[in-house]
Amino acid sequence: MIILSNTTRQPLPKKRLAHAIELVLRYEKHRAERISAVYCGDRLIKKINQTYLQHDYATDTISFRLNDGQSIEGEFYISLDTVRRNACRYKQSFVTELLRVTIHSTLHLIGYDDETDAQREIMTKKENRYLSLLEHANTRNLAQAQVK
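Every chain is numbered independently, its residues counted from 1 as its sequence is written. Local features are withheld for residues below a pLDDT of 70 in this predicted model, meaning they are given only at 70 or higher, and side-chain atom pairs are given and counted only at 80 or more; totals for whole chains, interfaces and linings count all residues. By convention in this description, side-chain values take in all heavy atoms of the structure and omit both hydrogens and water.

Draft legend 1. Molecular detail of the sheet that holds strand β3 (residues 61–65). Two strands form a pair only when DSSP identifies at least two bridges running between them. We count a stretch as a helix when DSSP gives it H or I for four or more residues in a row; a strand needs E for two or more, and each element gets its number in order from the N terminus. Read across the sheet, four strands follow the order β1-β2-β4-β3 without closing on themselves; strand pairing throughout is mixed. The sheet is open, and its two edges are formed by β1 (2–6) and β3, each paired on a single side. The mean inter-strand angle of the sheet, taken between neighbouring strand axes irrespective of direction, is 10 degrees. Sheet analysis places β1 next to strand β2 (residues 31–40), joined by five bridges and oriented parallel. Bridging across to β2, Ile3 finds its partner in Ser36. Throughout, a residue-residue contact means that at least one pair of heavy atoms, one from each residue, lies within 4.5 Å. In this description, a line fitted to the C-alpha atoms serves as the axis of each element, helices being fitted only across the stretch in contact, and the angle between N-to-C directions of two axes falls anywhere from 0 to 180 degrees. Packed onto the sheet, helix α1 (residues 14–27) meets β1, β2 and β4 (71–79) and runs at close to 140 degrees relative to β1.

Draft legend 2. Region of the structure containing the nonpolar core. Within this scheme, the nonpolar core is defined by two criteria: the residues are buried Ala, Val, Leu, Ile, Met, Phe, Trp, Tyr or Cys, and they are joined through side-chain atoms within 4.5 Å. Relative accessibility decides the category of a residue: with a 1.4 Å probe and only protein chains considered, values under 20% of the type maximum give buried, values over 50% give exposed, and everything between is partly exposed. Counting residues in each nonpolar core, the largest one holds 29 residues, and the members touching the most others are Tyr39, Phe76, Leu98 and Ile103. Every element with two or more residues in this core is listed here: α1, β2, β4, α3 (80–89), α4 (94–110) and α5 (117–147). With eight residues, α4 is the largest single contributor of residues to this core. Val38, Ile45, Ile62 and Tyr77 belong to the second-largest nonpolar core, a separate cluster that totals seven residues.

Draft legend 3. Spotlight on the packing of aromatic side chains. Only the six-membered ring of Trp is used, alongside the rings of Phe and Tyr, when aromatic pairs are assigned; centres must lie within 6.5 Å, and planes under 30 degrees apart are stacked while those over 60 apart are edge-to-face, with the rest tilted. With the rule as written, the count across this model stands at three aromatic pairs. On the basis of an interplanar angle of 70 degrees and a centroid distance of 5.3 Å, the ring pair of Tyr52 and Phe64 is categorised as edge-to-face. With Tyr52 in helix α2 (residues 42–53) and Phe64 in strand β3, the pair connects residues that are twelve residues apart, well separated along the chain. An aromatic cluster is present here, built from Tyr52, Phe64 and Tyr77 joined pairwise through their rings.

Structure, rendered in structure tokens:
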């Protein structure tokens, strides 16, 4: 079960976000027992960062894995404020950056880390691959819709 929550007034492409999570899980040979994805603002994610990681700043995502095994129980929080700033910095659309961070968060739940350069490189390659697969699926769905 995947549960998406939005604590902001920012509209979100919830179907695409859920599809991104499902895609990563399927390709990484995991499944969701219960994944809660919370899309929030800088204030909430900064509070979570202070409380659980003793960091006094906002970040794009924080993930918590609550069990072990192939069936994942966990939650992640994504700051839409930070995603918006990073989209500008990296010259990406907001939705593309949001999908990237959602994929990144899901990879963290699976067990991937990004503390070293080598780990970051692996995660970035996986993010790019899944973004490409999502874009391909989205393009195919649009083409099918236009044919009907």
